[in-house]
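What follows is the residue order along each chain.
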Amino acid sequence: MFGSSRAEKVSAYSMTWSDEELVARSIGGDPDSFNQLVLRWERPIYALAYRVIGREEDARDVCQETFLRAFRALNGFRGQAKFSSWLYRIALNLCRDWVRRERRTPVVQAPDDLDALELSAVREPTTSIDDLVARRELTHIVERAMAKLPEDQRTAIILKEYHELTFQEIADLVGCPLSTVKTRLYQGLAVLRRELAKSES
């Protein structure tokens, strides 16, 4: 066993390695390298699961299963996509399985900083959205509007606005053309704008 100071030094040093370097070391038999990947990506993967299905306990289960599956399949990771995109794909598939299995409507959480609304305001500048952002009930309005979106539009918004993936990364992740991702995002944002406009009237 390492002493605490040495373990901390090893951990701090390994955090400077790229995901791909940690994957290679993990495949080579270094257990701490995969632990570092878990530490690095646990919160984003949990956040993705929580935003898609909206239930803390189930999101934790999805997060745990994501890393279990990733660990078991690590030898098959060829680096054709980023490790983070590979993890997101596993997590999204698990979330979809959960929704279908439970036959529940996801309880979508509004983004903390309302990035989606800011983006929609940039696309179509209006004062009404700015006014609504200041209102306390905005979070609930956004949650209800997000829950009404088709799964593909909701996923596009979550990945782009909550997790800041590029359009190309999302296209690679969900396996569809770049133009389709953009269409899904803009259609979803248009629905959000309409719901926000209704709430103001």
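Positions within a chain are numbered from 1, following the residues in the order the chain's sequence is written. Two thresholds apply to this predicted model, a pLDDT of at least 70 for residue-level local features and 80 or more for giving and counting side-chain atom pairs, whereas whole-chain, interface and lining totals are computed over all residues. Hydrogens and water are ignored here; the side-chain numbers use all heavy atoms of the structure.

A.B. asks: I'm lost on the packing of aromatic side chains in this one. Help?
C.D. replies: Any pair of aromatic rings gets described here by the distance separating the centres and the angle formed by the planes. Working definition: rings of Phe, Tyr and Trp (its six-membered ring) pair if their centres are within 6.5 Å, and the pair is stacked with planes under 30 degrees apart, edge-to-face with planes over 60 apart, and tilted otherwise. In the structure shown here, the tally under the stated rule is seven aromatic pairs. With 6.4 Å between their ring centres and 75 degrees between their planes, Trp41 and Tyr88 make a pair best called edge-to-face. Of this pair, Trp41 sits in helix H3 (residues 31–53) while Tyr88 sits in helix H5 (residues 83–102), and the two are 47 residues apart along the sequence. Take Trp41: its relative accessible area is 17%, and that puts it in the buried class. Arranged with centres 5.8 Å apart and planes meeting at 45 degrees, the rings of Phe83 and Trp86 form a pair that is tilted. Of the two residues, Phe83 and Trp86 are both situated in helix H5; the distance of three residues between them amounts to about one turn of the helix. Trp86 shares its class with Phe83; the two are buried. Here, a charge over a ring means that NZ of Lys or CZ of Arg falls within 6 Å of the ring centre while also lying within 35 degrees of the ring normal. Taking NZ or CZ as reference, Lys160 lies 5.0 Å from the ring centre of Phe167, over its face. Secondary structure counts use DSSP, requiring at least four H or I residues in a row for a helix and at least two E residues in a row for a strand, with both numbered from the N terminus. The buried label goes to any residue with under 20% of its type's maximum accessible area, the exposed label to any with over 50%, and the partly exposed label to all in between, with areas taken from a 1.4 Å probe on protein chains only.

A.B. asks: Looking at this model, I keep getting lost on the environment of Tyr162. Mind explaining?
C.D. replies: Mapped onto the elements of the fold, Tyr162 is located in helix H9 (residues 151–162). By relative accessible area, Tyr162 is classed as buried at 10%.

A.B. asks: How do you make sense of the state of the cysteines when you look at a structure like this?
C.D. replies: Structurally, a disulfide amounts to a covalent bond that connects the sulfur atoms of two cysteines. Here, a disulfide means two cysteine sulfur atoms that sit within 2.5 Å of each other. As enumerated under the stated definition, the model contains zero disulfides in all. Cys95 forms no disulfide, and the closest cysteine sulfur to it belongs to Cys63, at a distance of 9.9 Å. Classification of Cys95 by relative accessible area gives buried; the value is 0%.

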